[in-house]
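The primary structure of each chain is shown beneath.
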There are 2 protein chains.
Amino acid sequence: MNKNRFCVIMAGGIGSRFWPLSRTHRSKQFLDILGTGKTFIRQTFERFLPLIPVENFLVVTHANYKELVRTEIPEISEEQILLEPIGRNTAPCIAYAAYKLKMKNPGSSMVVTPSDHLVTNQHEFEKVIREGLEFAEQQHKLVTIGISPSRPDTGYGYIQIDSEQTGTLNRVKTFTEKPTLEVAEMFLVSGEFFWNSGIFIWRTEDIVKEFYQHLPEMNQLFSSVLQDYNTPHERQAIESIYPECRNISIDYGIMEKAENVFVRCADFGWSDIGTWNSLYQHAGHDREGNMISGDINLYDTRNTIIRIADGKLGVIQGLDDFIVVDTEDVLMICRREEEQNIRRFVEDVRLKKNGSFI
Amino acid sequence: MNKNRFCVIMAGGIGSRFWPLSRTHRSKQFLDILGTGKTFIRQTFERFLPLIPVENFLVVTHANYKELVRTEIPEISEEQILLEPIGRNTAPCIAYAAYKLKMKNPGSSMVVTPSDHLVTNQHEFEKVIREGLEFAEQQHKLVTIGISPSRPDTGYGYIQIDSEQTGTLNRVKTFTEKPTLEVAEMFLVSGEFFWNSGIFIWRTEDIVKEFYQHLPEMNQLFSSVLQDYNTPHERQAIESIYPECRNISIDYGIMEKAENVFVRCADFGWSDIGTWNSLYQHAGHDREGNMISGDINLYDTRNTIIRIADGKLGVIQGLDDFIVVDTEDVLMICRREEEQNIRRFVEDVRLKKNGSFI
């Protein structure tokens, strides 16, 4: 296995869309929402294990999640867990890993990946990532992975391809934010637009150059502590510069502005499982369309997502198209069509309960 | 206060209509379902306290409930709690109290009352019970309390009055079982039919005579241990005869057959609170018609009954006309119009779970 290839798993997210199952102290990447027996972060690690030496994984996460990462991925050492003192979106997260890697192995290449997505076709996934790595290493380009869209989804960012093609990769024409339904339908028909998977591949030197060019303040911050990476001073150095970083995504901060971005369009059964309804599409249902987890007696209930904690009994009658999530300290019931409001419910709880229950 | 008057509180019921709130180990009479701060049995005791000396209360209950009774009514002594080894409906329960009282105080009179009903007009209640006691004591009749019906309820038994009247009491023409809606509507229009409250008043000697006449086997059983009542042998004696008793109600076994039954028709804000919907009629609602108990954030929810355990948070959106009851180990959700099926749900749980959760 190529010892110069690294995998950076971004695991700092604290999303609330799976609340009350996902909580501040255990966010989605540390849950097994699909009931596979493995958490999302564990699945992500194992997905890259055939491609990347185990000592070349880096997990960037919030300091509070350190022990969860160690539990889920006991194969990696403490030095491979990069702790963010506060969340500052994906650009600082990637900068931290890139500048640290630059000091450790300047000739390395990196795959950057979210930690809470689903991939069902492992064989195709490995093929695509290998091609992306070879392309980035040989061509000195930034590579992103685009997913062939199967529906006009308004929850994803899209990547528009240019006609310029090199092997299986296309030059990127534009990155777009989440579209309206009308626009997403046009995207789907055009055949030029692909879902942005959030997976990126590049040579470490190349992405550092892009920070220098497009996010110069961030480049300055992470360059100011170069002598501290991979030393006992690293944590203190990171804690001193992180609060100064802009909260900005890598897409907005670099990918949309960079030249020489290429996309490998792929179809390996990807989903970000970003919502209960997206989870519903990827999990098994009973004959009435219910997706249930836990010990539940159902009567006259259809198209409903139900999760009950272990040891508890659910007796549920007469629901149609609902989400019911019962945890130790929170019961949430919500119409499936209203799930986008769960964020609002969580905000209300945050205000009323002074941070408890979230 | 008249020392010859006794109050017999029947507290052996193990109803399942308030499941999962009511449980085998804590049935409805031991719950404060209305949130008044007092359980039903405590309210029942206090309701009769202005009428009956505290040492003249007898509570008949299942042996398993002894400690619950002692906790709820610490004013009474252990000898005032009559323990049934098994539930055998109201006729054996009343026979036990009556034969024991016959030995203790043959000239006594008794008010027999359920332990899980609601009365809102205490002043009127006391007046009615006093009149009933005086009538039973002077006339040597059986007295029952009828409630002026406010709707064609199909969940109650009805008492039809005869035109023969003595003071404020009427002779009873018939006792009827729970009617169909059509029949209940006719009852309501006729003005001759009153709800059977399950409250009875009679001289101890008179009810014993009725057992002798209409339930001779039961009379024989309870007469066979006369020497044991009010002695250390009482419990063993009762345990030996109880399994031999027929499972039969006092209404069916005696009241429907006896001559000389009179009814005092009354209106003292009575309800048996036998169902969640009956509870709903007697408790406060918010502006959207929701009856909630517990820490709950509600959105777009109407006409819904919700109870959540202390310390837990509910976030509930989009329900209309539901019952949601969340206890430590059971979550039940059911349409209000389907509440009669809760018995069926409980039976299913009993079969599947081998007695757990009920």
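These numbers were taken from a predicted model, which means no experiment stands behind them.

Asks: Would you explain the overall build of chain A in this entry?
Replies: Helix and strand counts for chain A stand at eleven helices and 17 strands. Taking the principal axes of the C-alpha coordinates as reference, chain A spans close to 60 × 50 × 40 Å. The buried share of chain A, reckoned over its 358 residues, is 56%. Expressed as a percentage of contacts within chain A between residues at least 6 apart in sequence, the contacts between residues at least 24 apart total 67%. Split by element, the accessible area of chain A, about 15100 Å² in all, is 46% carbon and sulfur.

Asks: For this particular structure, what's the right way to read the sheet that holds strand β17 (residues 330-335) of chain B?
Replies: In any sheet, the strands associate via hydrogen bonds between backbone groups, in a parallel or an antiparallel arrangement. A sheet is described by the order of its strands in space; here six strands give the open sequence β13(A)-β15(A)-β17(B)-β16(B)-β14(B)-β12(B), paired in mixed fashion. Taken across any chain shown, the strands that pair with only one partner, and hence form the sheet edges, are β13 (295-299) of chain A together with β12 (291-293) of chain B. In this sheet, adjacent strand axes meet at a mean angle of 5 degrees when their direction is disregarded. Across five bridges, the pairing between β13(A) and strand β15 (residues 313-317) of chain A is parallel. Paired with Y299(A) across the strands is Q317(A), a residue of β15(A). In this fold helix α11 (residues 342-353) of chain B packs onto β13 and β15 of chain A together with β17 of chain B, with an angle of close to 140 degrees to the strand it touches most, β13(A).

Asks: Whenever I open this one, the side chain of S249(B) confuses me. Can you help?
Replies: Residue and element names in this part refer to chain B. Position of S249 relative to the elements: it lies in the loop between α8 (234-241) and α9 (250-255). What makes S249 buried here is its relative accessible area of 17%. With near-sequence residues (within four places) excluded, S249 lies in contact with N89, T90 and A91.

Asks: Looking at this structure, how should I read the confidence of the model for chain A?
Replies: Keep in mind that low pLDDT regions are not for reading the predicted coordinates in detail. Looking at chain A as a whole, the pLDDT averages 95, with 100% of positions reaching at least 70. At the level of chain-chain contacts, confidence expressed as ipTM amounts to 0.82, with global pTM at 0.83.

Asks: Mind showing me how you'd approach the interface of chain A and chain B here?
Replies: Interface size is commonly expressed as the accessible area that is lost once the parts come together. Facing 34 residues of chain A, the contacting portion of chain B comprises 34 residues. Buried area between chain A and chain B, summed over both chains or domains, comes out near 2800 Å², and the portion from carbon and sulfur atoms is 58%. Sorting the residues of chain A by area buried against chain B places L313(A), Q317(A) and L331(A) first, and these three jointly supply 23% of that buried surface. The interface formed by chain A and chain B contains four salt bridges. The partner of D326(A) in a salt bridge is K312(B), with the nearest N and O atoms 2.5 Å apart. Seen at the junction of chain A and chain B, the total is 24 residue pairs in polar contact (both at pLDDT 80 or more). Secondary-structure elements contributing two or more residues to the side of chain A that touches chain B are β13, β15, β16 (322-326), β17 (330-335) and α11 (342-353) of chain A. Its residues placed into classes, the side of chain A that touches chain B shows 17 nonpolar, six polar and eleven charged. Pairing between β17(A) and strand β15 (residues 313-317) of chain B: four bridges, direction parallel. Residue pairing in the sheet places M332(A) in a bridge with V315(B) of β15(B).

Asks: Would you mind going over helix α4 (residues 122-139) of chain B with me for this structure?
Replies: Along an α-helix, residues three or four positions apart point the same way, because every turn accommodates 3.6 residues. Residue and element names in this part refer to chain B. Between its first and last C-alpha atoms α4 spans 25 Å; for 18 residues at 1.5 Å apiece the expected length is 26 Å, and the two agree. Turning to α4, its buried residues are F125, E126, V128, I129, G132, L133, F135 and A136. One side-chain oxygen of the residue at the start of α4 lies 3.4 Å from the amide nitrogen of H123, identifying that residue as N121. Of the residues one or two after α4, H140 is the one with positive phi, at around 55 degrees.

Asks: Looking at this structure, how should I read the relation of the copies chain A and chain B?
Replies: Note on the chain copies: they are related by a rotation about an axis and a translation along it. Superposing chain A onto chain B takes a rotation of 180 degrees combined with a translation of 0.1 Å along the rotation axis, leaving an RMSD of 0.1 Å. What the rotation and shift describe, once combined, is the action of a two-fold rotation axis. Both copies present the same face, since 100% of the interface residues in chain A are matched by interface residues at the equivalent positions in chain B.

Asks: What exactly am I supposed to notice about the packing of helix α3 (residues 90-104) of chain A against helix α6 (residues 204-214) of chain A here?
Replies: Between two packed helices, the angle of one axis relative to the other and the distance separating the axes together describe the packing. All names here are of chain A. At a minimum axis distance of 9 Å, the contact between α3 and α6 shows a crossing angle of 125 degrees. With respect to α6, the axis of α3 lies oblique. Note that α3 runs across α6; the crossing there is left-handed. When α3 is examined against α6, the residues A91, I94, A95, A98, Y99, L101 and K102 are found in contact with a partner set consisting of T204, I207, V208, F211 and Y212. Here the residues of the contact of α3 with α6 sort into ten nonpolar, one polar and one charged.

Asks: What's the story with the sheet that holds β16(A) in this structure? I'm lost.
Replies: The strand order β12(A)-β14(A)-β16(A)-β17(A)-β15(B)-β13(B) describes an open sheet built from six strands, whose pairing is mixed. Taken across any chain shown, the strands that pair with only one partner, and hence form the sheet edges, are β12 (291-293) of chain A together with β13 (295-299) of chain B. Taking each pair of neighbouring strands and ignoring which way they run, the sheet shows an average axis angle of 5 degrees. Along the sheet, α11(A) contacts β17 of chain A together with β13 and β15 of chain B; its crossing angle with β13(B), the most-contacted strand, is approximately 140 degrees.

Asks: It is not clear to me how the packing of α6(A) against helix α7 (residues 216-223) of chain A should be interpreted in this structure. Could you clarify?
Replies: All names here are of chain A. It is at 5 Å that the axes of α6 and α7 come closest, and there the two elements cross at 125 degrees. Judged on the interaxial angle alone, α7 and α6 are oblique. On α7, the residues that touch V208, F211, Y212, Q213 and H214 of α6 are P216, M218 and N219. A per-class count over the contact of α6 with α7 returns five nonpolar, three polar and no charged.

Asks: Can you walk me through the pattern of salt bridges in this structure?
Replies: Any two side chains of opposite charge can pair, on the condition that their charged atoms come close. Residues and elements named next belong to chain A. With the rule as written, the count across this model stands at 46 salt bridges over all chains. When the shortest N-O distance is used, the salt bridge between D321 and R336 registers 3.6 Å. One end of the pair, D321, is in the loop between β15 and β16; the other, R336, is in the loop between β17 and α11, and 15 residues separate them in sequence. With relative accessibility at 27%, the residue D321 sits in the partly exposed group. Taking relative accessible area as the criterion, R336 reaches 13% and is therefore assigned buried. Three or more residues are tied together by salt bridges with common partners; here these are K38, R42, E46 and E75.

Asks: How do you make sense of the state of the cysteines when you look at a structure like this?
Replies: What makes a disulfide is a covalent bond joining the sulfur atoms belonging to two cysteines. All names here are of chain A. Using the criterion set out here, one finds zero disulfides over all chains in the structure. Free cysteine: C245, not disulfide-bonded; nearest cysteine sulfur from C93 at 11 Å. Using a relative accessible area of 6% as the deciding quantity, one classes C245 as buried.

Definitions and limits used
Residues numbered from 1 in each chain as written. Chains lettered and ligands numbered in written order. Predicted model: local features only at pLDDT ≥ 70, side-chain atom pairs only at ≥ 80, totals over all residues. Heavy atoms only, no water. Helix = DSSP H or I, 4+ residues; strand = E, 2+ residues; numbered from the N terminus. Buried < 20%, exposed > 50% of the residue type's maximum accessible area, 1.4 Å probe, protein only. Contact = heavy atoms within 4.5 Å. Areas by Shrake-Rupley, 256 points an atom, 1.4 Å probe, with all protein chains shown as cover. Pairing = 2+ DSSP bridges. Axes fitted to C-alpha atoms, helices over the stretch in contact; angles between N-to-C directions. pLDDT = per-residue confidence, 0-100. Buried area = accessible area lost by both parts, 1.4 Å probe. Salt bridge = Lys/Arg side-chain N within 4 Å of Asp/Glu carboxyl O. Polar contact = N/O pair within 3.5 Å; in protein donor to acceptor, adjacent residues only side chain to side chain. Nonpolar A, V, L, I, M, F, W, Y, C, P; charged D, E, K, R; others polar. Expected span 1.5 Å × (residues − 1). Least-squares fit on C-alpha atoms with pLDDT ≥ 70 in both. Parallel < 35°, antiparallel > 145°, perpendicular 65-115°, else oblique. Left-handed = near helix turned anticlockwise from the far one by under 90°. Disulfide = S-S within 2.5 Å.

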